[in-house]
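Understanding the architecture of this molecule
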Amino acid sequence: MSRFNCNYKSRHSNTAKALLTATTQSEKDLLNYYQSFSALKKKLFKKAIECTYNISNDTIFKNHKNLTLGYSFLKLKEYKKAIYHYELWLENSEFESKRKKSIVLHNLGTIHNILNNHQISENYFKQEFELIKNKKDTVTQLNSLNALANLYYGQYKDDLAIPLFIEAYELAKAYSDFTWKESTTLNMAVVEKNRENYQASNQYYLEAYNWKDSIHNRDRIWELTEKEKEVAVAQKELEIAVEKEKVKRQKTQRNALIIGISFLFIFILVLWFFYKQRTAQNKLITQQKEDLAAANKTKDYLFSVVSHDLRSPINTLGKLHKRLVRQIKKEDLEAINTTNNKALILTESTYKLLNNVLSWSLEQSKQMVFVPTEYPLHNLVEHVLYDFKNIALARNIELDTALEEVNIEVDIESIKIVIRNLVDNAIKYTPEGGRIKVTCGTTKDHKKFVRIKDNGIGIHPKNLEKIRNLKDLSIDKIDRAEGVGLGMILCQTLIKKNQGEIKIESTLEKGSKFTILLP
Amino acid sequence: MKTLNLLLLEDDKEDANDLADFLNENNYDVMISHNINQTERLLKRHSFDLVVLDIMIDGKPDGIAMAEKMNELGFDIPFIFLSSMQTKILYEKAKHTKPVTYLIKPYNELELLFTLELAIEKYFDQANSISFDPQTAVLSPSYIFIKKRKSLMKVDVSKINYIEVQDKYCQFSLTDEDFLVKLSLKKVKELLSNPDFIQVHRNYLVNINKINEIYLEDNLIVLDSKQNIPFSERHKANFVKSNHLLK
């Protein structure tokens, strides 16, 4: 509302400014019209009248001018002037709307009623009534009916007034608005009361009272609804707050859950990590345990070798030397020679065993030097056989060689140990007058070979199987009582280490053939 | 033809003497030292073709220390280790001094002699020569090492008068002796890499210091030893080109 006022105000001031500069009559008329209109809206009736007067009479604003002036004077209670302008308007009202006409007629009726010109007032009201009769505007009809009825009633024209009151009452009854219902009913009550028809009057009063109640109720209901609304809103807000709280709680719960799960996950990871470490450690420990067990077996084995195979020959050597001392005293040269030869042979064999023990222990403790180098195989074989020449001669064994010139790339020392052991065995198991043939060369599939063939006693098939299986056997599985010596174990191990293999063929009483195959 | 001079470091006197006796039998001149100070003194006073170092001297690995010292002092002599120790630690330590080769005890005489040959041929980067085929030789600018029967001998290159092709062999001619080596003349020239020896013929290398007279018209070279060597046209041209004095 204040904004409208403000707008009107600004329009008022704007038009006032514009008026100062306006030149033509029509311009001035228009601006004055605006000013009067604004003034009217602002209920500045005097101002409105002033502005309206400034509008020239000939213009299109003539009707409007009279309407504005009529209304303004009515409001200012200058009824005569009001009547003058309204009547002027009515004279020129052929093209005006029915609504405007009915209003003007109503106003004129009212003015005349106030001025006690009942006849004229009645006239105007009737005209108005005629005008709006066919319209469906209940409020206007009620307004008009009421005005006319009151007019008649005021003049004690009860015959005319009462039907109108009843009509208004009936009309209002069909109409929804409680205020109209109440006022028309109240009118009826007064009418009946004045007719001394108290019972009916009472009835109407009651009805009016009811309508009033209804209004009150309506207001109350309105109020209640408002209240209810407020309560509902409050409840809703509460619910929302609760919901919010719920959501918040859920969020917190969810976060807590996420954190919990994360912690659990981390915990599981840590657990898993420790488990892995533990298993790795256990694995290491198991491995170490196995290694340790193997090392222990090796140690036990070596101890047993030292205690049996080394102790007794050394003991024998000692005895032989004591015998030599006696024999030297006796100066029995032949006996000295025999004893000395025995001692020499024993020393030789013990030394070989000792070498094997040393090699084996070095190999087992992974201390053995292992350097594959290129080397002439035939020279190697020749060098090894050189050591056996004397013993072969002594035992009347023919030691033949057929050596092809060929180079190998192996660890020389380990191959020497193997050939030495195999030749030693051949001599050991070949009777006097026997024959040993050592050959070397290249096989059809480009492998290098050394073959030691004898015509000795051969190997029993049971032992042969054992020797063949040695390459896949660990030390702890070898039963020393079964006659497999350290030499063969060493041979298989070292040849395997050189990526070679040993092939053995043997027939009892006919001889054996050992073939070392090397890459 | 000379024997090889060998220096032996061995703390056990009996072992040292046995070894020296054996090597003497096989035409090596052996000097014995029992500790590394002695070894160093002998090295400085005499010239040797080979040094044999026992690793463990009086319970200490002085053999390796001696090798280190030899490398440090810049002795340009091949050396080999003798050891009964097959342990890795010692091996790695010994390997560090870059010996020509090792000989691990127990070894026999044959292995020892073979190892000495190996040492010589390895030292002059001619592996698998005399060790593989005794009829070949190890050639160096100052000495030629050949096998005479089972022993290794050296020939002073400056004593050679000329070298002549004989089938698959080359005959090395000295004033008082000749010997055959199973190598091509081309290979001999290449391995010898001695500027004193020039090719005068498809089949001849001549020691320039042994030339007495050159008859360019007759295509003949007469040596101090009165031997006549043919001078081929092609090689003569090359010879004249590189010798301005003869122009």
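Small disclaimer: the values here were computed from a predicted structure and weren't measured.

1. A look at the overall build of chain A
Summing up its helical and strand segments, chain A has 17 helices and 7 strands in all. In chain A, buried positions account for 28% of the 519 residues.

2. A few points about the overall build of chain B
If you tally the helices and strands in chain B, you get 7 helices and 16 strands. Burial analysis of chain B (247 residues in total) assigns 35% to the buried set. Taking contacts inside chain B between residues at least 6 apart in sequence as the whole, the part at least 24 apart equals 46%.

3. What to know about the interface of chain A and chain B
The interface is formed by 13 residues belonging to chain A together with 12 residues belonging to chain B. Going through the elements one at a time, helix H12 (333-364) and helix H13 (377-386) of chain A are the ones with two or more residues in the side of chain A that touches chain B. Take the side of chain A that touches chain B: its biggest share by element is 4 residues, from H13(A). Of the residues contributing to the side of chain A that touches chain B, the split by class is 5 nonpolar, 4 polar and 4 charged.

4. Quick notes on helix H2 (residues 25-41) of chain A
Residue and element names in this part refer to chain A. In this model, H2 (17 residues) spans 24 Å end to end at C-alpha, consistent with the 24 Å of a helix rising 1.5 Å per residue. Among all positions of H2, only Leu31, Asn32, Tyr33, Gln35, Ser36, Ser38, Ala39 and Leu40 are buried. In the stretch just after H2, Lys43 is the one whose phi turns positive, near 60°.

5. Considerations on the sheet that holds strand S12 (residues 197-201) of chain B
Residues and elements named next belong to chain B. Read across the sheet, 5 strands follow the order S11-S10-S9-S13-S12 without closing on themselves; strand pairing throughout is antiparallel. On the outer flanks of this sheet lie strand S11 (178-181) and S12, each paired with one strand and no other. This sheet shows a mean twist of 25° between the axes of neighbouring strands, independent of strand direction. Bridge analysis of S12 against strand S13 (residues 204-207) gives 4 bridges, and the strand direction is antiparallel. Bridge pairing in S13 links Phe197 to Asn207.

6. Topic: unusual backbone geometry
Residues and elements named next belong to chain B. The phi dihedral of Asn27 falls on the positive side, at around 65°, and the residue is not glycine. For Asn27, the location among the structural elements is in the loop between helix H1 (13-25) and strand S2 (28-33). In the Ramachandran plot, Lys98 falls in the positive-phi region, its phi being about 55° despite a non-glycine side chain. Take Lys98: there are 9 C-beta atoms within 10 Å of it, and that puts it in the exposed class.

7. Examining the nonpolar core
Counting 64 residues, the largest nonpolar core has Leu6(B), Val52(B), Leu53(B), Ala137(B) and Phe145(B) as the members making the most contacts within it. Two domains each provide a minimum of three residues to this core, namely domain 1 (2-123) and domain 2 (158-246) of chain B. Not counting chain neighbours up to four residues away, the residues in contact with Leu6(B) comprise Leu23(B), Tyr28(B), Asp29(B), Val30(B), Phe48(B), Asp49(B), Leu50(B) and Val52(B). Of all hydrophobic cores here, the second largest spans 42 residues; its members include Tyr86(A), Trp89(A), Phe129(A) and Trp211(A).

8. Things to note about the packing of helix H2 (residues 36-45) of chain B against helix H3 (residues 62-73) of chain B
Helix-helix packing: each pair is described by the crossing angle between the helix axes and the interaxial distance. All names here are of chain B. In contact at an axis separation of 10 Å, H2 and H3 are set at 30° when each is read in the N-to-C sense. If you check the angle between H2 and H3, you find them roughly parallel. Like other packed secondary-structure pairs, H2 and H3 cross with a definite hand, here right-handed. Taking contact as the criterion, the partners of Ile36, Thr39 and Glu40 in H2 are, on H3, Asp62, Ala65, Met66 and Lys69. Counted by class, the contact of H2 with H3 contains 3 nonpolar, 1 polar and 3 charged residues.

9. A few points about the packing of helix H15 (residues 412-428) of chain A against helix H17 (residues 486-497) of chain A
All names here are of chain A. Between H15 and H17, the shortest axis-to-axis distance is 9 Å and the interhelical angle comes to 145°. As for the relative orientation of H15 and H17, their crossing is left-handed in sense. Two secondary-structure elements touch here, H15 through Ser414, Ile417, Val418, Asn421, Leu422 and Asn425 and H17 through Gly487, Leu490, Cys491, Leu494, Ile495 and Lys497. In terms of residue class, the contact of H15 with H17 is made up of 7 nonpolar, 4 polar and 1 charged.

10. Remarks on the sheet that holds strand S14 (residues 211-215) of chain B
Residue and element names in this part refer to chain B. The strand order across the open sheet formed by 3 strands is S14-S15-S16, and the pairing between neighbours is antiparallel. Because the sheet does not close on itself, it has two edges, and the strands there are S14 and strand S16 (228-230). Between one strand and the next, the sheet's axes are offset by a mean angle of 25°, whatever the strand orientation. Note: strand S15 (residues 220-223) against S16, 3 bridges, orientation antiparallel. Note on S16: the bridge partner recorded for Val222 is Asn228.

11. Considerations on the environment of Leu145(A)
All names here are of chain A. Following the sequence through the fold, Leu145 ends up in helix H8 (residues 138-154). Under the C-beta neighbour-count criterion, Leu145 is labelled buried, with 25 such atoms within 10 Å. When near neighbours in sequence (up to four residues on either side) are disregarded, Leu145 contacts Leu164, Glu167, Ala168 and Leu171.

12. Things to note about the confidence of the model for chain A
For chain A, the average pLDDT comes to 81, and 91% of its residues sit at 70 or higher. Contacts from residues 1-6 of chain A, a stretch scored under 50 in pLDDT, to residues over four places away or in other chains number 1 contact.

13. Observations regarding the pairing of strand S10 (residues 169-174) of chain B
A regular strand carries its side chains on alternate faces of the sheet. Residue and element names in this part refer to chain B. Of the strand pairs in this sheet, strand S9 (residues 160-166) and S10 are connected by 6 bridges, and their pairing is antiparallel. Residue pairing across strands places Ile163 opposite Phe172, the latter belonging to S10. Between S9 and the antiparallel strand that follows it, S10, lie 2 residues; Asp167 among them carries a positive phi value of about 55°. Bridge count between S10 and S11: 4 bridges; the pairing is antiparallel. The residue of S11 that forms the bridge with Ser173 is Asp178. As consecutive antiparallel partners, S10 and S11 are separated by 3 residues.

14. Remarks on the environment of Thr115(B)
Mapped onto the elements of the fold, Thr115(B) is located in helix H5 (residues 109-123). Remark: the alpha-carbon pair of Thr115(B) and Leu103(B), spanning 12 residues in sequence, is separated by 7.0 Å.

15. Some thoughts on the confidence of the model for chain B
Residue and element names in this part refer to chain B. Within chain B, residue pLDDT values average 86, and 97% of them lie at 70 or more. The least confident element of chain B, judged by mean pLDDT, is helix H7 (residues 233-242) at 77; the most confident is S2 at 93. Here the prediction assigns the complex a pTM of 0.57, and the interface score ipTM is 0.78.

16. Regarding the environment of Glu130(A)
Mapping Glu130(A) onto the fold places it in helix H7 (residues 118-132). Expressed as a C-alpha distance, the spacing of Glu130(A) and Ser102(A), which sit 28 residues apart in the sequence, is 9.2 Å.

Criteria and thresholds
- Residues numbered from 1 in each chain as written.
- Chains lettered and ligands numbered in written order.
- Predicted model: local features only at pLDDT ≥ 70, side-chain atom pairs only at ≥ 80, totals over all residues.
- Helix = DSSP H or I, 4+ residues; strand = E, 2+ residues; numbered from the N terminus.
- Buried ≥ 20, exposed ≤ 12 C-beta atoms within 10 Å, placed from the backbone.
- Contact = placed C-beta atoms within 7 Å.
- Nonpolar A, V, L, I, M, F, W, Y, C, P; charged D, E, K, R; others polar.
- Expected span 1.5 Å × (residues − 1).
- Pairing = 2+ DSSP bridges.
- Axes fitted to C-alpha atoms, helices over the stretch in contact; angles between N-to-C directions.
- Core = buried A, V, L, I, M, F, W, Y, C linked by C-beta atoms within 7 Å.
- Domains from an automatic or database assignment.
- Parallel < 35°, antiparallel > 145°, perpendicular 65-115°, else oblique.
- Left-handed = near helix turned anticlockwise from the far one by under 90°.
- pLDDT = per-residue confidence, 0-100.

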